[in-house]
Amino acid sequence: MTAQLRRRIRAGDTDAFGELFDAHADAVHRHAVWSEGDPVLAEDVVSLTFLEAWRIRESLQPDGESLRPWLLGIATNVLRNRRRAARRHRAALRRLPVRDTVPDFADDVVGRMHDADQLAAAVAALRALRRADREVFLLCVWSQLDYAAAAEALGVPVGTVRSRLSRARTRLRALAQQELDRPRGTPVEQGEYR
C-alpha cells in the first residue's frame, strides 16, 4: 500500500496527497507543538510542511515504509527556517529606536500558574539544547519515531540518533531544573546553558 501511495504522490495525485495529509497531519502538528510550544504556530508549520511536501513530491523515494519520517524531516526543516526568520526579525527590531511602552501584565498572571511555569521551563530547557540534540529528542520522544525512522528523517546514522538522544535526555533533566530554579522574569538566551 505504501509503495503504491508513494507512486501516486510522486505522480501528483491529489487524492493520494489528501490521504497522506489525513494520515499524518496530526503527527506533524504534535511535532510542531512540542518543538515550539505554540499550537497556533504549529498549524502554520503543518500547512508549510504539506505545501513543501507537495512541492518536492518527486524527490520522494519510491520505496520505503511509513511516510511519517519524510514528513517530519520536512517539518524539522520548516521549523529551522521559521526560527532563522524569527532571529532575523528580532535582530531587525533591536535596530529600531526604543519607544516608551506600557508593560504587559498578562505574562505575570500566567507566570503565577504552576503548570505554566513547568511548561515554560520545559520549553526553555528544550530550546537551550543544541539544535541537533533537540531535533532528535523531538522526533524520538514526542513524535514517537524509532531510531531508524528518526535517522531517516534527519539524514544521519542510527548510532548518531542514539547518542544525541541520550545526551539530550541527560541535559534536559538538568536544564529544566535550572529553569524552574531561575528567578521569574530573567530572560534565557538560546544556548546559554551550553
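Basis of the calculations
- Residues numbered from 1 in each chain as written.
- Predicted model: local features only at pLDDT ≥ 70, side-chain atom pairs only at ≥ 80, totals over all residues.
- Heavy atoms only, no water.
- UniProt positions renumbered as here; feature names shortened; annotations may be inferred.
- Helix = DSSP H or I, 4+ residues; strand = E, 2+ residues; numbered from the N terminus.
- Buried < 20%, exposed > 50% of the residue type's maximum accessible area, 1.4 Å probe, protein only.
- Polar contact = N/O pair within 3.5 Å; in protein donor to acceptor, adjacent residues only side chain to side chain.
- Axes fitted to C-alpha atoms, helices over the stretch in contact; angles between N-to-C directions.
- Parallel < 35°, antiparallel > 145°, perpendicular 65-115°, else oblique.
- Left-handed = near helix turned anticlockwise from the far one by under 90°.
- Contact = heavy atoms within 4.5 Å.
- Nonpolar A, V, L, I, M, F, W, Y, C, P; charged D, E, K, R; others polar.
- Core = buried A, V, L, I, M, F, W, Y, C linked by side-chain atoms within 4.5 Å.

Identification of the protein chain as RNA polymerase sigma factor from Micromonospora fiedleri is taken from an unreviewed UniProt entry. The record in UniProt for the protein chain states the following under Sequence similarities (unreviewed entry): "Belongs to the sigma-70 factor family. ECF subfamily."

Enquirer: Can you help me understand the overall build of the protein chain in this one?
Expert: Check the secondary structure of the protein chain and you find nine helices and zero strands. What you see in the protein chain, going N to C, is helices and strands ordered as α-α-α-α-α-α-α-α-α. Per-residue burial for the protein chain yields a buried fraction of 37% across its 194 residues.

Enquirer: Help me understand the side chain of threonine 49 in this model?
Expert: Mapped onto the fold, threonine 49 is located in helix α3 (residues 39–55). Of note is the side chain of threonine 49, whose polar atom sits 2.7 Å from the backbone oxygen of valine 45.

Enquirer: Teacher, can you tell me more about the packing of helix α4 (residues 68–94) against helix α7 (residues 131–142) here?
Expert: Each pair of packed helices can be summarised by the angle the axes make with each other and by the distance between the axes. Closest axis-to-axis distance for the α4/α7 pair is 12 Å, and the angle between their directions is 140°. The orientation of α4 with respect to α7, classified from their angle, is oblique. For the element pair α4 and α7, the recorded crossing hand is right-handed. Two secondary-structure elements touch here, α4 through Leu72, Thr76, Arg80 and Arg83 and α7 through Arg131, Arg134, Glu135 and Leu139. By residue class, the composition of the contact of α4 with α7 is two nonpolar, one polar and five charged.

Enquirer: Please clarify how the side chain of threonine 76 should be interpreted in this entry.
Expert: With respect to the helices and strands, the residue threonine 76 is situated in helix α4. In this structure threonine 76 comes out as buried when scored by relative accessible area, which is 4%. Polar side-chain contacts of threonine 76 include one of 2.8 Å to the backbone oxygen of leucine 72. Ignoring any residue separated from it by four or fewer positions in sequence, one finds threonine 76 in contact with His31, Glu135, Leu139 and Leu154.

Enquirer: Got a minute to help me understand the nonpolar core in this structure?
Expert: Here is a general trend for soluble globular proteins: nonpolar side chains tend to be buried in one another's company. Ile9, Leu20 and Phe50 are the most contacted members of the largest nonpolar core, which totals 44 residues. When residues of this core are traced back to their parent elements, those giving at least two are α1 (2–10), α2 (14–36), α3, α4, α6 (114–128), α7, α8 (147–154) and α9 (158–181). Discounting residues that sit within four places of it in the chain, phenylalanine 50 has contacts with Phe17, Leu20, Phe21, His24, Ala25, Val28 and Leu71.

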